[in-house]
Amino acid sequence: MKVVIIEDEKLLQQELALQLDKIGDIEVAHYLTSVSESVEWLKMNANNIDLIFMDIELADGVSFEIFDLVEISLPVIFLTAYSEYAIQAFKVNSIDYLLKPVNLSDLIFALDKFKKQTKANTAFDATVFKDFYVQSGVNKNQRILIQSGDNFKYLDQDEIAYFVAEDKYVTVVTFENTKHLIDESLNKLEETLPIDVFYRPTRQFIINIKAINKATKYFNSRLKLYIDPSPDSEIIISRNKVKDFLDWMGN
């Protein structure tokens, strides 16, 4: 069996490939990380593969956009970080999904389901799922993938106190003051994290509202932010951003 993995997190690509390798007789034909890259590759190679593993949120948009740009009759197993209750609509047309990080038994079950079906009866209307995805509000990143040695796990958003960028790296700091390097930029995190919970007061930080102890007036009409756990550097909010920050705090 030949499959393609459409996933923009390299750690997830590796983890899924390892799980597939354990099952055996499955070849990963290609890895894709964006909507645009997937469209171009599938136009030329869709006939050479049997199954697609597809993440919902990609580097340049939502994966449902792919179906608007290229005709896909292949069966798809979606990859998602969201709880089962939020995506029951995926069951309507017998499209399966895997919660990330991927559990081997869930993967085997999904592949067994695929093998019992034919390509002819797995075609689906992507607009149904795109509409559900938008209406249900599940297009907000609620979990962050981290790696500890050879193990992968997710941090739920309520475990995360803040993100901090240092040099070329981004560190996620939990409320328990554990620190993990992640393969993600603050710009992308800012776009995907729920805006009622997380805020970017400076170029270096994105903070959880529950991590804020207080904000005090600072010279030159700025604010100094105190958060817990305490970071290594001060968080000074520029006077141009003070109103926006206070509005966010009040909502």
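Residues numbered from 1 in each chain as written. Predicted model: local features only at pLDDT ≥ 70, side-chain atom pairs only at ≥ 80, totals over all residues. Heavy atoms only, no water.

### Section: the packing of helix α1 (residues 10-23) against helix α4 (residues 104-115)
Where α1 contacts α4, the axes come no closer than 10 Å and their chain directions differ by 65°. It follows that α1 is roughly perpendicular to α4 by the angle criterion. Judged by the twist between their axes, the crossing of α1 over α4 is right-handed. Contacts between α1 and α4 involve Leu-16, Gln-19, Leu-20, Lys-22 and Ile-23 from the former and Leu-104, Leu-107, Ile-108 and Leu-111 from the latter. (Axes fitted to C-alpha atoms, helices over the stretch in contact; angles between N-to-C directions. Helix = DSSP H or I, 4+ residues; strand = E, 2+ residues; numbered from the N terminus. Parallel < 35°, antiparallel > 145°, perpendicular 65-115°, else oblique. Left-handed = near helix turned anticlockwise from the far one by under 90°. Contact = heavy atoms within 4.5 Å.)

### Examining the pattern of salt bridges
In this structure the tally under the stated criterion is five salt bridges. Across the salt bridge formed by Glu-234 and Lys-224, the nearest N and O atoms sit 2.8 Å from each other. Here Glu-234 is found in the loop between β16 (222-227) and β17 (235-237), whereas its partner Lys-224 is found in strand β16, with ten residues between them in sequence. Residue classification places Glu-234 among the partly exposed positions, given a relative accessible area of 48%. (Salt bridge = Lys/Arg side-chain N within 4 Å of Asp/Glu carboxyl O. Buried < 20%, exposed > 50% of the residue type's maximum accessible area, 1.4 Å probe, protein only.)

### What about the nonpolar core?
Ranked by size, the top nonpolar core spans 22 residues in total, and within it Ile-6, Leu-42, Ile-52, Met-54, Ile-66, Ile-72 and Phe-78 carry the most contacts. Mapped onto this core, the elements with two or more residues apiece are β1 (2-6), α2 (35-45), β3 (51-55), α3 (65-69) and β6 (76-80). Broken down by element, this core gets its largest block of residues, four residues, from α2. Once you skip the residues sitting within four places of it in the chain, Ile-6 turns out to touch Leu-32, Ser-38, Leu-42, Ile-52, Phe-53, Met-54, Asp-55, Leu-58 and Ile-66. Counting residues in hydrophobic clusters, the runner-up holds 17 residues, among them Ala-161, Phe-205, Leu-223 and Ile-237. (Core = buried A, V, L, I, M, F, W, Y, C linked by side-chain atoms within 4.5 Å.)

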